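Per-entry structural report
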Amino acid sequence: MKTARKFRDVYRVQNSLKTLKRYNDPDLNRYIKPILEYRLGKKHEFHESRKTLIAFSGGIDSKATLLIAKEFCLNPEAVTFLISESNREPVEEFCKKNDIKVHFIYDSYYENILNEAENKRFHPCGRCQKFITRKIYKFARSGNYKFIGFGDMLSVGSHSIIKLNDMYRLNIPAMLSLNKNDHIEITNEYPNGFGCDFLRRIHKKYPFLKRYSFQRVLRELRSQSIDTDIAKDLIEDIEGNACS
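So, here is what we can say about the structure in this document.

About the criteria used
Residues numbered from 1 in each chain as written. Predicted model: local features only at pLDDT ≥ 70, side-chain atom pairs only at ≥ 80, totals over all residues. Heavy atoms only, no water. Helix = DSSP H or I, 4+ residues; strand = E, 2+ residues; numbered from the N terminus. Rg over C-alpha atoms; globule rule 2.2 N^0.38 Å. Buried < 20%, exposed > 50% of the residue type's maximum accessible area, 1.4 Å probe, protein only. Areas by Shrake-Rupley, 256 points an atom, 1.4 Å probe, with all protein chains shown as cover. Lys, Arg positive; Asp, Glu negative; His and termini not counted. Charge placed at Lys NZ, Arg CZ, Asp CG, Glu CD. Expected span 1.5 Å × (residues − 1). Bend = angle between axes of the 7 residues up to and from the residue. Contact = heavy atoms within 4.5 Å. Polar contact = N/O pair within 3.5 Å; in protein donor to acceptor, adjacent residues only side chain to side chain. Pairing = 2+ DSSP bridges. Right-handed = clockwise from strand over helix to strand, strands pointing away. Phe/Tyr/Trp six-rings, centres within 6.5 Å; stacked < 30°, edge-to-face > 60°. Lys NZ or Arg CZ within 6 Å of the ring centre and 35° of its normal.

**Some remarks on the overall build of the chain**
Per the secondary structure count, the chain includes 11 helices and 6 strands. Taken over C-alpha atoms, the radius of gyration comes to 18 Å for the chain, in line with the 18 Å a tight globule of 244 residues would show. Over its C-alpha atoms, taken along the principal directions, the chain stretches across nearly 50 × 40 × 35 Å. The buried share of the chain, taken over its 244 residues, is 49%. A total of about 12900 Å² of accessible surface is found on the chain, and carbon and sulfur atoms cover 47% of it. On the chain, the mean spot of the 43 positive side-chain charges and the mean spot of the 31 negative ones are 6 Å from each other.

**Overview of helix α2 (residues 26-39)**
For α2, built from 14 residues, the straight-helix expectation of 20 Å at 1.5 Å per residue is met to within 8% by its first-to-last C-alpha distance of 20 Å. Of all bends in α2, the biggest is about 40°, found at Ile 32, and the proline Pro 34 comes one to four residues later. Looking at α2, one finds that the buried residues are Asp 27, Leu 28, Tyr 31, Ile 32, Pro 34, Ile 35, Leu 36, Glu 37 and Arg 39. As for α2, its buried residues are in contact with α1 (7-23), β4 (147-150), β6 (167-171) and α7 (172-175). Sitting at the head of α2, Asp 25 places a side-chain oxygen 2.8 Å from the backbone nitrogen of Asp 27. Once α2 finishes, Gly 41 follows within two positions and takes phi at roughly 100°, a positive value.

**With respect to the pairing of strand β2 (residues 76-81)**
Among the 6 residues in β2, 6 count as buried, and that is most of the element. Residue alternation in β2 divides its side chains into two sets, Pro 76, Ala 78 and Thr 80 and Glu 77, Val 79 and Phe 81, and both sets are buried. Note that strand β1 (residues 52-55) and β2 share 4 bridges and pair parallel. Across the sheet, residue Thr 52 finds its bridge partner in β2, namely Pro 76. Following the chain from β1 across helix α3 (residues 60-71) to the adjacent parallel β2, one finds a crossover that is right-handed. Looking at chain direction, β2 and strand β3 (residues 102-105) are connected through 4 bridges and run parallel. Its bridge partner being in β3, Val 79 is matched across the sheet by His 103. As a crossover connection, the stretch from β2 through helix α4 (residues 88-97) into β3 is right-handed.

**Section: helix α6 (residues 125-142)**
With 18 residues, α6 ought to run about 26 Å at 1.5 Å a step, and its terminal C-alpha atoms sit 26 Å apart, in line with that. Among the residues of α6, Cys 128, Phe 131, Ile 132, Thr 133, Ile 136, Tyr 137, Phe 139 and Ala 140 are the ones counted as buried. Of the residues one or two after α6, Asn 144 is the one with positive phi, at around 60°.

**Re the pairing of β4**
Residues Phe 147 and Gly 149 of β4 are buried on one face, and the alternating residues Ile 148 and Phe 150, pointing to the opposite face, are buried as well. Summarising the sheet, β1 and β4 pair through 3 bridges and their orientation is parallel. Within β4, the position partnered with Leu 53 by the bridge is Ile 148. Two strands pair when backbone bridges link them, and β4 and β6 are joined in this way by 4 bridges, in the parallel orientation. Bridge pairing in β6 places Phe 147 opposite Tyr 168.

**Some points on the environment of Leu 164**
Inspection of the secondary structure puts Leu 164 in strand β5 (residues 161-164). Residues Leu 164 and Lys 146, spaced 18 residues apart in sequence, show a C-alpha to C-alpha distance of 9.4 Å. In contact with Leu 164, other than residues within four places in its own chain, are Tyr 137, Arg 141, Ile 148 and Arg 169.

**Some details on the packing of aromatic side chains**
Enumeration over the complete set of coordinates arrives at 15 aromatic pairs. Arranged with centres 5.8 Å apart and planes meeting at 45°, the rings of Tyr 109 and Phe 131 form a pair that is tilted. Of this pair, Tyr 109 sits in the loop between β3 and α5 (110-120) while Phe 131 sits in helix α6, and the two are 22 residues apart along the sequence. The structure contains a cluster of three or more aromatic residues connected by ring pairs, namely Phe 81, Tyr 106, Tyr 109, Tyr 110 and Phe 131. The lysine or arginine in question, Lys 51, covers the ring of Tyr 145, its NZ or CZ lying 4.6 Å from the ring centre. Residue placement shows Arg 169 over the ring face of Phe 150; its charged tip is 3.8 Å from the ring centre.

This is the structure in structure tokens:
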């Protein structure tokens, strides 16, 4: 991970540090503060953390998050909500390659969300994300994890570290002011289109719902989480789904 040079990145990481100071938690100061200071160019030795749970979809952002957590001794374990059996093998392969333990969780109510999206013609991403996030929180509490890492790039500064009773949600890329190009460099992968197979099916069945996917891409572009080239590729992928 490179040292932050741009004013925007330095400012965001400094705000993350201010959030740590506000919480004044010994574990945050011992395990997370050195990572933030390293991003600002300070040398540190990193202490092996107790287990950190990483929400892992298998996409480029969650892969980068998992690798960052491992690099900085956060002792990561992956948790994947199994939206399809076809997701299991690539997730297991990546985690095995990087010597990371992976947990799979599932709740059949997820199928109701998919059916409602298809029958009532609404964009599924918001409800799907909220549902899966709640399930990950529940799993984390049952496993006594203190840190839960997500691959969110948007919730920067004070919004990147969130106290959840006795746990902390760490939006790790946002906390460190990393963007999609950083993730490409970390993983040596390029984003593989926009969304999951189900969303592609929704785009094909209800093309008017693409506007909400476009808005999601443009939101990341405005925040500088992605650049114009990546945004163009994602928009072309969304637009192409109706013709595939």
